[in-house]
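# Topology and contacts: notes
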Amino acid sequence: MTDIRAGIQRMRGVCVAYGMCIPAACTATMFGATAQAGAWGEFEARCLMPFEKQASADVDGLVLGLQDGTVAAFDGFDEPFISMSTGEIAGTRFCAVIGRENSPDEAGAWVEASLKSGRYVPMTMDNDDWFASNEWIEPRIAVRIHRSNEITQYYVLETDLES
């Protein structure tokens with residue numbers, strides 16, 4: 001059995017390697033001053049729900065912006081300032097949505113309900129909130145919610161942690 005922290009470390013490498021962890025210096029340029037909601041809804045529908053069903057990320061209707069090997073970035077969302085990356089690196093499938101949120105209430109409600117139901121268990125690493133699926137799905141998945149400089153990053157990755 002592999003420790004879930006190993007999967008998280010791989011995801012951190014994925015983030016850095018493919019520019020999904022946005023440096024603070026770039027956020028003003030990339031996201032401007034207009035606040036938008038919707039990143040959580042896009043993440044939940046296009047990344048989280050498919051991963052919970054062990055399906056591929058939903059990229060229907062999106063435009064392929066960049067592809068590097070098994071990693072692809074998409075845009076074309078109805079709301080500006082949202083981007084999505086998905087793919088596989090070193091055998092780890094992942095999906096990420098990055099954007100601006102007016103309010104993190106939807107993500108917070110998901111976290112509260114998921115923890116209360118026991119479907120996910122909390123994990124904190126490097127001041128980021130991670131939530132690991134709790135033995136109801138194999139392979140298990142881990143969800144990361146990271147907020148900085150008005151930018152919210154949502155990640156889901158498939159781990160090789162057995163229940």
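The residue L64 is located in strand β1 (residues 63-68) in this model. Given a relative accessible area of 44%, L64 falls into the partly exposed group. Through-space distance from the C-alpha of L64 to that of D75 is 6.7 Å; in sequence the pair is eleven residues apart. If we ignore the near neighbours within four places in the chain, the residues touching L64 are A72, A73 and F74.

Applying the stated criterion across every chain, the model contains one disulfide. Paired through a disulfide, C47 and C95 show a sulfur-sulfur distance of 1.9 Å. On the S-S bond that ties C47 to C95, the torsion sits near -45°, and the link is left-handed. Here C47 is found in helix α3 (residues 39-52), whereas its partner C95 is found in strand β4 (residues 92-100), with 48 residues between them in sequence.

Turning to the nonpolar core, a few remarks are in order. Counting 25 residues, the largest nonpolar core has W40, F43, L48, M84, W110 and V156 as the members making the most contacts within it. At the level of secondary structure, the elements contributing two or more residues to this core comprise α3, β2 (71-75), β3 (82-89), β4, α4 (105-117), β7 (141-148) and β8 (151-158). Those residues in contact with W40, other than ones at most four positions away along the chain, are L48, E101, E106, A107, W110, I145 and Y154. Listed in part, the six residues of the second largest apolar core include V71, M123, W130 and L157.

A word on the packing of aromatic side chains. Considering all chains together, one arrives at six aromatic pairs under this definition. Measuring from centroid to centroid gives 6.3 Å for W110 and F131, while their planes differ by 85°, and the two rings are edge-to-face. Residue W110 is found in helix α4, and its partner F131 is found in strand β6 (residues 128-133); the two are separated by 21 residues along the sequence. Like W110, the residue F131 is buried in the burial classification. One aromatic cluster in this structure is built from W40, F43, W110, Y120, F131 and Y154. A cation over an aromatic ring shows up here: R93 above the ring of F51, its NZ or CZ 4.1 Å from the ring centre.

Another point: α3. For α3, with 14 residues, the first-to-last C-alpha span of 18 Å sits near the 20 Å given by 1.5 Å per residue. Burial within α3 is extensive, with ten of its 14 residues counted as buried. If you check which residues of α3 are buried, you get A39, W40, E42, F43, R46, C47, L48, P50, F51 and E52.

Moving on: the pairing of β3. Of the pairings in the sheet, the one linking β2 to β3 comprises four bridges and is antiparallel in character. Its bridge partner being in β3, A72 is matched across the sheet by T86. The turn joining β2 and β3, which pair antiparallel and follow one another in sequence, is formed by six residues; a positive phi near 100° is taken by G76. Bridge count for β3 against β4 is eight bridges, and the pairing is antiparallel.

Looking now at the confidence of the model for the protein chain. The pLDDT averaged across the protein chain works out to 76; a share of 72% of its residues lies at or above 70. Note that pLDDT drops below 50 for residues 1-8; the model gives that stretch 17 contacts with residues more than four away or on any other chain. Within the model, the stretch residues 10-37 combines pLDDT values under 50 with 62 contacts to residues more than four positions away or in other chains.

Glycine aside, a negative phi is what most residues show, and trans is what most peptide bonds show. The phi angle at Q54 is positive, at roughly 55°, despite the residue not being glycine. Even without being glycine, A90 reaches a positive phi, approximately 50°. In this structure, A90 sits in the loop between β3 and β4. Under the relative-accessibility criterion, A90 is labelled exposed at 69%.

Calculation rules
Residue indices begin from 1 for each chain and proceed along its sequence in written order. It should be noted that, the model being predicted, local features are given only for residues of pLDDT at least 70 and side-chain atom pairs only at 80 or more, the latter also being counted only at that level, while totals for whole chains, interfaces and linings use all residues. The basis for every side-chain value is the complete set of non-hydrogen atoms in the structure, without hydrogens or water. The way it works is that DSSP assigns letters per residue, a run of H or I at least four long becomes a helix, a run of E at least two long becomes a strand, and they are numbered from the N terminus. When accessible area is computed with a 1.4 Å probe and restricted to protein chains, residues below 20% of their type maximum are described as buried, those above 50% as exposed, and intermediate ones as partly exposed. Contacts are assigned to residue pairs with any non-hydrogen atoms lying within 4.5 Å of each other. We call a pair of cysteine sulfur atoms a disulfide when they lie within 2.5 Å. Residues enter a nonpolar core if they are buried and are Ala, Val, Leu, Ile, Met, Phe, Trp, Tyr or Cys, with the set joined through side-chain atoms within 4.5 Å. Stacked, edge-to-face and tilted are the three classes for Phe, Tyr and Trp ring pairs, Trp counted by its six-membered ring, which pair at centre distances within 6.5 Å; planes under 30 degrees apart are stacked, over 60 edge-to-face, the rest tilted. Counting as a charge over the ring demands two things of the Lys NZ or Arg CZ atom: a distance within 6 Å of the ring centre and an angle within 35 degrees of the ring normal. Working rule for helices: expected span equals 1.5 Å times residues minus one. When DSSP finds two or more bridges between a pair of strands, those strands are recorded as paired. The predictor's confidence in any single residue is recorded as pLDDT, a number from 0 to 100.

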